[in-house]
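# Architecture and fold: a report
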Amino acid sequence: MSKLVNICLIGTGRAGMIHGKNFARRIENAKLIALCDPSKESLELAQKEVDCQYLYEDYREVMETPEIDAVVIVTPTVHHKEIALAAAAAKKHILCEKPLAMDEAECLEMIQAAEENQVKLQVGFMRRFDASFQEAKRVVDSGAIGEVVLVKSLTHGPSEPKPWMFDIHKSNGPIGEVNSHDLDTLRWLTGSEVKSIYANGGNYRSPEVSDQFPDYYDTVAMNLRFEDGKLGLIDGAQYVQYGYDARTEILGTKGSILVGDQGKHNIVVATSDQKLTQPTMHSWMYLFREAYVAEDQAFIDCILNDTTPKCTGHDGLMSVRLVNAGLTSLLENRIVEVEG
């Protein structure tokens, strides 16, 4: 391959266009040459922002274009597998947003297809590429806080769920759409696999959908135990409205680490009415802006250098395993033992 990787973005919504703008403007040795989306309106809006040579409404046509070296899949999770399998068969490298797929069987198919066709498969867990989370990982590995005992991670999203998210058989609910980041973060920071998980939750903000989607939940709390005895706690929620919130606490035998806060800026305003105010973080797109750039650059680098992606298909598989275990625990109200 030449020193320039030609990219097609498949899925031109909000999350997709983060990658699209990065590959169009900020990533070395990469060029965004194609856009694909079944929505003609979304496709046209994206084209106005990044101006690509090729436009497709059907992903199958992408695979027939030899100039395209790699695809970035940012579609609803239910479509990830079919697109990734087609890309692998066409010898195109794959960056797939989280969660990797709906279940473990789909993940295994994707991993096998990538291996058999000798293409890279990277999963979009951008927190692994965030400077603060990376520094926390370095501190943990240095032993500065002793042995890790407990990791707590939370993600709260402000936006009203899209209609397809209410059907947890298509989305897996917040455990998949929101907390897959937290599940991956805990595996990464502890260096261990989850042995058991217990989840509890409910629908507190969207009661109007409860008749049509009785299993839908917008808030979940999960208790995890790792194979080496470490403990984990995860707090997830959708449609919180106050802002985007992603924080992690790592407790060790000799210290602790806090990652993130609720503020958008490191500023607190005191006013004459004796109030302190601080603007909240409004969007994950802003908070992890540079992490997405680092993630996209890492994808190109692993292609050109023929190295293993920093976030592999196996990492995606393990997160999906935990998502499904957590959902089973929530729906059946029991502790689920996670099979190795």
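The structure presented is a predicted model; accordingly, all values stated were derived computationally and were not measured.

### What to know about the sheet that holds strand β4 (residues 70-73)
- Taken in spatial order, the six strands of this open sheet run β3-β2-β1-β4-β5-β6, and their pairing is parallel. Each of the sheet's edge strands pairs with one partner strand only, and the pair in question is β3 (54-56) and β6 (121-124). Along the sheet, successive strands turn relative to each other by an average axial angle of 25 degrees, direction set aside.
- Contacts from helix α2 (residues 40-50) reach β2 (30-36) and β3, with the element oriented near 160 degrees to β2.

### Let's talk about the domain arrangement of the protein
- On domain assignment, one finds that the protein holds domain 1 (5-119) and domain 2 (129-289 + 318-337).
- For domain 1 and domain 2, the distance between their C-alpha centroids amounts to 27 Å.
- Taken together, the contact between domain 1 and domain 2 spans 14 residues of the former and 17 residues of the latter.
- Summing both partners gives a buried area of about 1300 Å² for domain 1 against domain 2, and 55% of it is carried by carbon and sulfur.
- Scanning the region where domain 1 abuts domain 2 turns up one salt bridge.
- With its nearest N and O atoms 2.9 Å apart, the salt bridge here joins Arg321 to Glu104.
- For the interface between domain 1 and domain 2, the tally reads four residue pairs in polar contact (both at pLDDT 80 or more).
- Here the residues of the side of domain 1 that touches domain 2 sort into nine nonpolar, one polar and four charged.

### Considerations on the packing of aromatic side chains
- As enumerated under the stated definition, the model contains six aromatic pairs in all.
- Ring geometry for Tyr54 against Tyr56: centres 6.2 Å apart, planes inclined by 15 degrees, an arrangement best described as stacked.
- Between the aromatic rings of Tyr244 and Phe288, the centroid separation amounts to 6.4 Å while the plane-to-plane angle is 80 degrees, which identifies the pairing as edge-to-face. Of this pair, Tyr244 sits in the loop between β10 (231-237) and β11 (245-252) while Phe288 is found in the loop between α10 (284-287) and α11 (289-305), placing the two residues 44 residues apart along the sequence.
- With a relative accessible area of 7%, Tyr244 lands in the buried category.
- You can call Phe288 buried: its relative accessible area is 2%.
- Through a chain of ring-to-ring contacts, the aromatic side chains of Phe166, Phe213, Tyr216 and Tyr217 assemble into a single cluster.

### Comments concerning the nonpolar core
- The biggest cluster of nonpolar side chains holds 43 residues, and the ones touching the most others in it are Ile175, Met222, Leu224, Ile250 and Phe288.
- Those residues in contact with Ile250 that sit more than four places away from it in its chain are Ala136, Val140, Ile145, Val148, Leu150, Val151, Leu189, Gly255, Ser256 and Ile257.
- If you look at the next biggest cluster of nonpolar residues, it comprises 33 residues, including Cys36, Phe125, Cys311 and Leu317.

### Considering the pairing of strand β1 (residues 5-10)
- Where burial is concerned, most of β1 is hidden: six out of the six residues are buried.
- Here β1 shows two buried faces, one formed by Val5, Ile7 and Leu9 and the other by Asn6, Cys8 and Ile10.
- Two elements, β1 and β2, share six bridges in a ladder whose sense is parallel. Following the sheet pairing, Ile10 is matched in β2 by Cys36.
- Crossover β1 to β2 through helix α1 (residues 14-25) is right-handed.

### A short note on unusual backbone geometry
- In this chain, Lys98 is followed by Pro99 through a cis amide linkage whose omega measures -20 degrees.
- With respect to the secondary-structure elements, Pro99 resides in the loop between β5 (93-97) and α5 (104-116).
- With a phi angle near 60 degrees, Tyr239 is a residue other than glycine that sits in the positive phi range.
- Considering the arrangement of structural elements, one finds Tyr239 in the loop between β10 and β11.
- Overall, Tyr239 belongs to the buried group, its relative accessible area being 18%.
- Here the phi dihedral of Gln241 falls at roughly 75 degrees; this positive angle occurs in a residue that is not glycine.
- Overall, Gln241 belongs to the exposed group, its relative accessible area being 54%.

Calculation notes
Residues numbered from 1 in each chain as written. Predicted model: local features only at pLDDT ≥ 70, side-chain atom pairs only at ≥ 80, totals over all residues. Heavy atoms only, no water. Pairing = 2+ DSSP bridges. Helix = DSSP H or I, 4+ residues; strand = E, 2+ residues; numbered from the N terminus. Axes fitted to C-alpha atoms, helices over the stretch in contact; angles between N-to-C directions. Contact = heavy atoms within 4.5 Å. Domains from an automatic or database assignment. Buried area = accessible area lost by both parts, 1.4 Å probe. Salt bridge = Lys/Arg side-chain N within 4 Å of Asp/Glu carboxyl O. Polar contact = N/O pair within 3.5 Å; in protein donor to acceptor, adjacent residues only side chain to side chain. Nonpolar A, V, L, I, M, F, W, Y, C, P; charged D, E, K, R; others polar. Phe/Tyr/Trp six-rings, centres within 6.5 Å; stacked < 30°, edge-to-face > 60°. Buried < 20%, exposed > 50% of the residue type's maximum accessible area, 1.4 Å probe, protein only. Core = buried A, V, L, I, M, F, W, Y, C linked by side-chain atoms within 4.5 Å. Right-handed = clockwise from strand over helix to strand, strands pointing away.

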